[in-house]
Amino acid sequence: MGDPVPTVKFLGLTFNIANDISIVITCLIVFLFVFLLSRHIALKPKGGQNVLEWLIEFTNGIVKGSIKGNDAGRFGLYAFTLFLFIFVANQLGLFIHVQVGDYTYVKSPTADPIVTLTLSFMTVALAHAAGVQKQGMKGYLKSYTSPFLVFLPINIFEQFTDFLTLGLRLFGNIFAGEMLLGKVASLATGGSGWFSYVYAFPIEFLWQGFSVFIGSVQAFVFVTLTSVYISQKVSTEE
Amino acid sequence: MLSHLIIGASGLYLGDMLFIAISFIILMAVIAKVAWNPITKMMGDRADKIANDIDSAQKSRQEASDLADQRREALSHSRQEASDIVSDAKQSGEQQRATIVSDAQNEAAQYKQNARKDIEQERQDALKNVQSDVADISVQIASKIIKKQLDPEGQQALINSYIEGLGKHES
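Residues numbered from 1 in each chain as written. Chains lettered and ligands numbered in written order. Predicted model: local features only at pLDDT ≥ 70, side-chain atom pairs only at ≥ 80, totals over all residues. Heavy atoms only, no water.

## Some remarks on empty space enclosed by the protein
All names here are of chain A.
Next, step 1: Tallied over the entire structure, the rule returns 2 cavities of 30 Å³ or more.
Next, step 2: If you add up the space inside the second largest cavity, you get close to 50 Å³.
Next, step 3: Asn90, Leu94, Asn173, Ile174, Gly177, Glu178, Ser211 and Ile214 together form the lining of the second largest cavity.
Next, step 4: When contributions to the lining of the second largest cavity are tallied by element, the ones reaching two or more residues are helix H3 (76-95), helix H5 (152-189) and helix H6 (195-234).
Next, step 5: Element by element, the count of residues in the lining of the second largest cavity is highest for H5, at 4 residues.
Next, step 6: Each residue belonging to the lining of the second largest cavity can be placed in one class, and the counts come to 3 nonpolar, 4 polar and 1 charged. (1 Å grid on protein atoms, 1.4 Å probe; cavity = no way out; pocket = protein on both sides within 12 Å on 5 of 7 lines; lining within 4 Å. Points joined across faces, edges and corners; volume = space filled by probe spheres on them. Helix = DSSP H or I, 4+ residues; strand = E, 2+ residues; numbered from the N terminus. Nonpolar A, V, L, I, M, F, W, Y, C, P; charged D, E, K, R; others polar.)

Written as structure tokens, this is what we have:
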């Protein structure tokens, strides 16, 4: 977890190479996972297809839990991809940490607020777009004044808090997990000889397992909140 | 570490944001093509197939129960028919027996009557024969009496011969 980040300027935009490499790896892992499991799709499912269908049912269940009616079907793919992406991204840093020089090139991309806030931004943007599409611009704008006009500033403020909490929650959890993992690792390497490995190993082991759990829960929470935000925008006020 | 979050310090990493968004959208598109669309289509097909199967199973069960009802009805029907046939046969047998017996009785009575008539006829015939015989014999006797009346010997002889003849006739 080196403090300096490897950056590249291209077309006036700043790129963080570590993030980008991690994201590409995450995307590749997700793609390969889905690709290999979906090779023999049959009416009577077996093996990989069962796993994929179970995952699809799982994410569809999350979406249908908050979005009612026919709208749920349209967000199934987004929820599925989001869940797999965040899940893999959360676990990536627990297993692989590539450090060259001062720079860490491969880590959990979700341990960077830029990544989580971008995902959060995509969700919020999708929610607003779906709201406008569903209720029309007038109904969408009107929803800000519900239940009373007094709530207008609160409602506007809520959009920003939703966006920030969604992204920062994920970032905080994963960043803290990686940070502590690094600290425990340095406890072993920086400690007094071989003895430090003896007590550092079970702590590292436990914390790694707990981080896997947290990563899964956070992926679930992110997708759940995504569907909640979308449903808030899509559902017409009674 | 968080210094790059502060806008202006090293510039908001807009490039990263674009990179994330674009790679995520590409990932979504690829997953849609490779897995999502075929699998959801297959799941829909399966749901349809299961629904169809349930429907057709219900239909066949209905058909089977209908058929069973039909069979049961036909069975009871045929049982009824069989008992009808048996009772019919019994009845007609009874009837036939009665007619045969009565025919036989009639015939027997007829025969009896005929026989009685024949006997009567025979008796009458016999009586008639006897009567004509008696008349003949009387005439003969009378003629014989008349023939031998002139002399007493002759009369005696006549009477004797007559008696003899009578005895002969009797024996």
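## Points about the UniProt feature "transmembrane region" (unreviewed entry) in chain A
All names here are of chain A.
Next, step 1: When the UniProt feature table is mapped onto this chain numbering, "transmembrane region" (unreviewed entry) sits at residues 17-37, 75-94, 114-132, 180-199 and 205-230.
Next, step 2: Structurally, residues 75-94 is divided into 95% helix and 0% strand, and its ends, taken at the C-alpha atoms, are 29 Å apart.
Next, step 3: The span residues 114-132 is 100% helix and 0% strand, and its two end C-alpha atoms sit 26 Å from each other. (UniProt positions renumbered as here; feature names shortened; annotations may be inferred.)

## Some thoughts on the interface of chain A and chain B
Next, step 1: Each partner contributes to the interface: chain A provides 44 residues, whereas chain B provides 32 residues.
Next, step 2: Summed over both sides, the interface between chain A and chain B buries roughly 3700 Å², with carbon and sulfur atoms accounting for 82% of that surface.
Next, step 3: At the level of secondary structure, the elements contributing two or more residues to the side of chain A that touches chain B comprise strand S2 (13-16), helix H1 (17-37), helix H2 (48-66), H3, helix H4 (113-142) and H5 of chain A.
Next, step 4: The leading source of residues in the side of chain A that touches chain B is H1 of chain A, at 9 residues.
Next, step 5: Split by residue class, the side of chain A that touches chain B holds 28 nonpolar, 10 polar and 6 charged. (Contact = heavy atoms within 4.5 Å. Buried area = accessible area lost by both parts, 1.4 Å probe.)

## Brief notes about the packing of H1 of chain A against H3 of chain A
When two helices pack together, their arrangement is given by the angle between the helix axes and the distance between those axes.
All names here are of chain A.
Next, step 1: Closest axis-to-axis distance for the H1/H3 pair is 9 Å, and the angle between their directions is 120 degrees. Taken as axis vectors, H1 and H3 run oblique relative to one another. For the pair H1 and H3, the crossing hand works out as right-handed. Of the residues in H3, those touching H1 at Ser22, Ile23, Ile25, Thr26, Cys27, Ile29, Val30, Phe33 and Val34 are Phe80, Leu84, Phe85, Val88, Ala89 and Leu92.
Next, step 2: Each residue belonging to the contact of H1 with H3 can be placed in one class, and the counts come to 13 nonpolar, 2 polar and no charged. (Axes fitted to C-alpha atoms, helices over the stretch in contact; angles between N-to-C directions. Parallel < 35°, antiparallel > 145°, perpendicular 65-115°, else oblique. Left-handed = near helix turned anticlockwise from the far one by under 90°.)

## Here's the deal with the packing of aromatic side chains
Next, step 1: Applying the stated criterion across every chain yields a total of 12 aromatic pairs over all chains.
Next, step 2: When the ring of Trp54 of chain A is compared with that of Phe58 of chain A, the centres are 5.8 Å apart and the planes differ by 10 degrees; the resulting orientation is stacked. Of this pair, Trp54 of chain A and Phe58 of chain A both sit in helix H2, 4 residues apart, which is roughly one turn of the helix.
Next, step 3: Relative to Phe24 of chain B, the ring of Tyr78 of chain A lies with its centre 5.9 Å away and its plane at 75 degrees, an arrangement referred to as edge-to-face. Separated into two different chains, Tyr78 of chain A in helix H3 and Phe24 of chain B in helix H1 (residues 14-147) make up a pair that spans both.
Next, step 4: Given the relative accessible area of 7%, Tyr78 of chain A is considered buried.
Next, step 5: A relative accessible area of 1% places Phe24 of chain B in the buried class.
Next, step 6: One aromatic cluster is present, built from ring pairs that chain together Trp54, Phe58, Phe83, Phe87 and Phe220 of chain A. (Phe/Tyr/Trp six-rings, centres within 6.5 Å; stacked < 30°, edge-to-face > 60°. Buried < 20%, exposed > 50% of the residue type's maximum accessible area, 1.4 Å probe, protein only.)

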